[in-house]
Structures are given as structure tokens and as C-alpha cells.
Amino acid sequence: MNNYETLFILNASLDEETIKANIEKFKGVIEKNGGVIDNVDEWGRRKLAYPINKQNDGYYTLINFKSNPDLPKELERNYRISDAVIRFIVVNPDK
């Protein structure tokens, strides 16, 4: 299993329940596909470096996890089809 970390930014105009539900959904994708979550770090609402879709703020969440090499592709697919996600990145910090 490889180490990975993912950072995703959710639309800051969403209410707290929707934000928590989206974070749980992505944690569920990791766990359902055989990944093991090491750490979930919610950075909260922050100003974006530049406007994205006419928005200046986003809700940042960092998740560190271990998984097989196929899981990041599935996770990225889920990010792409979610309307709540503004931006995302999945990296292997060991490389």
C-alpha cells in the first residue's frame, strides 16, 4: 500500500451539514475501496488565492491515507462528478 494525501476545496456557500456530508462521502470512497485513513485535517473556510467560478472563499480539507494505486483514480472521478468540489489534488508524498 502506498501513502497518499488529498486536498479538496468545497464550495464555501454550502451549509455545515452539506459540507460534513461531502467530507464523509469522500472518506467513505477511500474506505470502501480498501484504503486506510490516517488523518483528516479540516482547515475550514479560507480565502482562495484567486477567484474560482466567481467565488473568493472555499472550505479546505486534507486527508492522508494509504491505499492501492488504483484508488486515487476512483477518488478523482468522484471529485469530478461532485458539484460541491471546486478544486482537488491527490498526490503521493513519497515520490
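First things first, this report covers the structure right here in the doc. (Residues numbered from 1 in each chain as written. Predicted model: local features only at pLDDT ≥ 70, side-chain atom pairs only at ≥ 80, totals over all residues. Heavy atoms only, no water.)

**What to know about the nonpolar core**
Judged by nonpolar contacts, the single largest core of 17 residues is most densely connected at Phe8, Leu10, Phe65, Leu75 and Tyr79. Mapped onto this core, the elements with two or more residues apiece are β1 (2–11), α1 (16–32), β3 (55–67), α2 (71–81) and β4 (85–91). For this core, the element with the highest residue contribution is α1, accounting for five residues. Beyond its immediate chain neighbours, meaning those up to four positions away, Leu75 contacts Thr6, Phe26, Val29, Ile30, Phe65 and Val90. Among the nonpolar cores identified, the runner-up in size contains five residues, and Ile9, Leu48, Ile52 and Tyr60 belong to it. (Core = buried A, V, L, I, M, F, W, Y, C linked by side-chain atoms within 4.5 Å. Buried < 20%, exposed > 50% of the residue type's maximum accessible area, 1.4 Å probe, protein only. Helix = DSSP H or I, 4+ residues; strand = E, 2+ residues; numbered from the N terminus. Contact = heavy atoms within 4.5 Å.)

**Description of the pairing of β1**
Taken residue by residue, a regular strand's side chains alternate between the two faces of the sheet. Relative to β3, β1 runs antiparallel, the two being bridged by 10 bridges. From the neighbouring strand, Ile9 faces β3, where its bridge partner is Tyr60. As defined by bridge partners, β1 adjoins β4 across six bridges and the pair is classed as antiparallel. Bridge assignment links Glu5 to a residue of β4, and that residue is Val91. (Pairing = 2+ DSSP bridges.)

**What about the sheet that holds β3?**
Judged by pairing direction, the sheet is antiparallel, and its four strands sit side by side in the order β2-β3-β1-β4 without closing on themselves. Looking along the sheet, the strands with just one partner apiece sit at the ends: β2 (36–52) and β4. Within the sheet, the average angular offset between the axes of one strand and its neighbour, ignoring direction, is 20 degrees. Sheet contacts for α1: β1, β2, β3 and β4; angle to β2, the most-contacted strand, approximately 130 degrees. (Axes fitted to C-alpha atoms, helices over the stretch in contact; angles between N-to-C directions.)

**Digging into the packing of α1 against α2**
Each pair of packed helices gets described by two things: the angle between the helix axes and the distance between those axes. Closest axis-to-axis distance for the α1/α2 pair is 10 Å, and the angle between their directions is 155 degrees. When the axes of α1 and α2 are compared, the pair comes out roughly antiparallel. When the axes of α1 and α2 are compared, the crossing they make is right-handed. For the pair α1 and α2, contact is made by Phe26, Val29 and Ile30 and by Leu71, Glu74, Leu75, Asn78 and Tyr79, respectively. Looking at the contact of α1 with α2 residue by residue, the classes come out as six nonpolar, one polar and one charged. (Parallel < 35°, antiparallel > 145°, perpendicular 65-115°, else oblique. Left-handed = near helix turned anticlockwise from the far one by under 90°. Nonpolar A, V, L, I, M, F, W, Y, C, P; charged D, E, K, R; others polar.)

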